[in-house]
Amino acid sequence: MPGPRRLRPDLPFRRIALVLSGGGALGAYEVGVLRVVEAVRLVPSIVAGVSVGAINAVVWQAHGGRTAVLEEVWRRMTATDVGFRWVTLVLRALGALVATLGLVELFLTLVGSRELSGSYWLWKHGSARIDRASTVLDLWMWGLFAVAGMLAMALSRPVESWLARQRPVADLGRTSRRFGRIVLGLWMVYAVVWILGVPWPHRFTVSALLAVAVVWLANRPGRSSGWSRRMTHLLTPETRGRGLWGAAGRQRLLERLVGAGDASRLVDPEVRLVISALAIDSGRIAHFVTGPPPGDAFVQRLESGLGEVVRVREPAEVLQAVLASSAIPGVFEPVRIRGRDFVDAGGFANQPLHVALAADADAALVVLMSPSGPPLPSPPPPSLFALGSRLLEVANWRDMQAELRSLPAGWSRDGDPARICVVEPDTTLPGGVLGFDPANAAALIERGEEDAWEALERAGWLVPAADATG
C-alpha cells in the first residue's frame, strides 16, 4: 500500500524545485501529484508553473501545500468556471448578425424596393403587375444565388489550387481602380433602373452590389481597407478581436480560491515562485518571480535563453501573472500587465525546467501531462480542437526533449537518488485540453496520484517499501 510511504531521511537534496506544466483541463492530473507531495511532506524551495500549472501552483501555495481545496474545485469544475461561456459567444455572434442584418435590410428597403423607386416618388406610378414581376425575379435570382453558394463550397479547394497557380497582380493599385470603376458603373446602371421603376430583382441586385462594394473596399489599398477590417473585428464574436473570451471567469475563480487561503504565502521570502508567460511585444518568455530577490546570475541565465525576469512583490500582481500565463492565444484575450500584453507560454516553454536550474535547484520534481516519449501514431484529428490538442502534445514532447538534452552534467533521470523525478502518464490522458468534465477530473486525479508514487519510487526518493512497512 502506498499510504505509509515517505521520503528518504538521507535524501541529499536541499533545494528541490516543483515544476508544473500546462495542459488545460488535464491539470486535474497535477492535483493527484500534489496529493502525494503533500503526503510525503515534500516542501519545495522553488515552484515554477505555466498555464494551468501556474493556477495549481498559486492555489496550492496559498493553502500552505495542502491539496484539499484544489481537489474539491477540480472535482466539480466545468468549462464555465474557467471562462468558456458559450452563451456570451452566442450572444455576441447573434447580436452582430442581428445588427448587420438590420442595417442591411434598412438599406435594402430604402434602395432595393420598387415600391420606393424613383418612378413611385416622382410620378406616383405604381403597378401590382410590375411589383409581382419584380418579386418573382428576386426569387429566381436568390435561388440561383443559393445554388451558386453550394457550388462554391463544393469547389472551394479546386478554386484555391487554381488561384495558387495564377501570377500575382503586378499593380494592385491599378487593378483596384479598374474594379472600382466597374462597381461605380454598376451602381449607376441600377440607379437608372430604380428611377424608371421597371420590373427588376431589386433586392437581389442591391444586395449583390453592396457585397461587391464591401469586398472592393476591404481589398483597396489605403485607409478604406483598414476601416473595413476594424468594422469586421467589431462585428466578429470576439473580445475586441483578440480572443473569444476575457479573463473575468478565471480571475473570479483564482480570487475565490486564493482568498480562501493566505494570499501572503504567494510572496513568501523563503520560496521562489515563478510564473511564466509569453510577452507579445518582445517574443520572450517573461518569468514573474517572487521570493528572494533574483541575483544577477539567475537573470543572466534566463535572459540567455530568450527570457526575461519580472520581479513581483504583491499577491495581486501574482494573480495577474497567472491570468496571463493561462491566456490561451485565440481563446482568451491577452492580459495587460504594466502596459504590456502577455499570453500563455505553453506552446513555447511548457516545462520550465531551465528555470529551476537557473534558480540553483539541486533536484527537480517535474510533472508532465503527456508522455515524454515520442508521440504515438494516431488517426487524423476529427476536429479543430482535436488537432489543437494533438499539436500541444507534440509541442510538449519537443519542449521536454530540448530541456532534458540541455541538462548540465550530473543531472539526469537515473541514479539513486536521481536529480530529476519526472511524473508522467504512460499514454495520452483522456478528455483533451478543453474537456473540463468533473467525472474525467476525478479519474485524472487518481491517475496522477498513482503515477506520482511510481515516479518517486523509481527516482529513489522514497524509503524502500520493505523498510517503510517494517
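**Considerations on the packing of helix H2 (residues 52-62) against helix H11 (residues 248-259)**
At a minimum axis separation of 8 Å, H2 and H11 run at an interaxial angle of 25°. Between H2 and H11, the angle falls in the class roughly parallel. Taking contact as the criterion, the partners of Ile55, Val58, Val59 and Ala62 in H2 are, on H11, Leu254, Leu257 and Val258. Grouping the constituent residues of the contact of H2 with H11 by class yields 7 nonpolar, no polar and no charged.

**Considerations on the pattern of salt bridges**
Inspection of every chain in the model, using the stated rule, returns 16 salt bridges. With its nearest N and O atoms 3.7 Å apart, the salt bridge here joins Arg5 to Glu457. Remark: Glu457 occurs in helix H16 (residues 438-458) and Arg5 occurs in the segment before strand E1 (16-20); sequence separation between them is 452 residues. A residue is classified by how much of its surface remains accessible, and Glu457, at 44% relative accessible area, is partly exposed. Across the pair Glu446 and Arg35 runs a salt bridge whose closest N-O atoms are separated by 3.3 Å.

**Focus on the packing of H2 against helix H13 (residues 315-325)**
Their axes nearest at 8 Å, the elements H2 and H13 cross at an angle of 155°. As judged from the angle between their axes, H2 and H13 are roughly antiparallel. In terms of crossing hand, the pair formed by H2 and H13 is left-handed. Residues Ala54, Ile55 and Val58 of H2 lie in contact with H13, whose contacting residues are Val318, Val322 and Ser325.

**Quick look at the side chain of His287**
Structurally, the position occupied by His287 is in strand E5 (residues 285-289). At 2.9 Å, the side chain of His287 and the side chain of Ser276 are in polar contact. With sequence-adjacent residues up to four places away left out, His287 is seen in contact with Val274, Ile275, Ser276, Leu302, Gly307, Glu308, Val309, Val310, His354 and Val355.

**Considering the environment of Ile55**
For Ile55, the position within the fold is in helix H2. Between the C-alpha atoms of Ile55 and Leu319, which are 264 residues apart in sequence, the distance is 8.7 Å. Not counting chain neighbours up to four residues away, the residues in contact with Ile55 comprise Leu254, Val322 and Ser326.

**A word on the nonpolar core**
Val58, Trp74, Phe288 and Trp461 are the most contacted members of the largest nonpolar core, which has 80 residues in total. In terms of residue count, the dominant contributor to this core is H2 (8 residues). Counting 23 residues, the second-largest nonpolar core is a separate cluster that includes Val19, Ile46, Val355 and Ile420.

**Side note on the environment of Phe348**
Looking at the element boundaries, Phe348 is found in the loop between strand E9 (340-343) and helix H14 (353-358). Residue classification places Phe348 among the exposed positions, given a relative accessible area of 55%. Sequence-wise, Phe348 and Ile285 are 63 residues apart; in three dimensions their C-alpha atoms are separated by 8.3 Å. For Phe348, the contacting residues outside a window of four places in its chain are Leu278, Ile285 and Asp399.

Basis of the calculations
- Residues numbered from 1 in each chain as written.
- Predicted model: local features only at pLDDT ≥ 70, side-chain atom pairs only at ≥ 80, totals over all residues.
- Heavy atoms only, no water.
- Axes fitted to C-alpha atoms, helices over the stretch in contact; angles between N-to-C directions.
- Helix = DSSP H or I, 4+ residues; strand = E, 2+ residues; numbered from the N terminus.
- Parallel < 35°, antiparallel > 145°, perpendicular 65-115°, else oblique.
- Contact = heavy atoms within 4.5 Å.
- Nonpolar A, V, L, I, M, F, W, Y, C, P; charged D, E, K, R; others polar.
- Salt bridge = Lys/Arg side-chain N within 4 Å of Asp/Glu carboxyl O.
- Buried < 20%, exposed > 50% of the residue type's maximum accessible area, 1.4 Å probe, protein only.
- Left-handed = near helix turned anticlockwise from the far one by under 90°.
- Polar contact = N/O pair within 3.5 Å; in protein donor to acceptor, adjacent residues only side chain to side chain.
- Core = buried A, V, L, I, M, F, W, Y, C linked by side-chain atoms within 4.5 Å.

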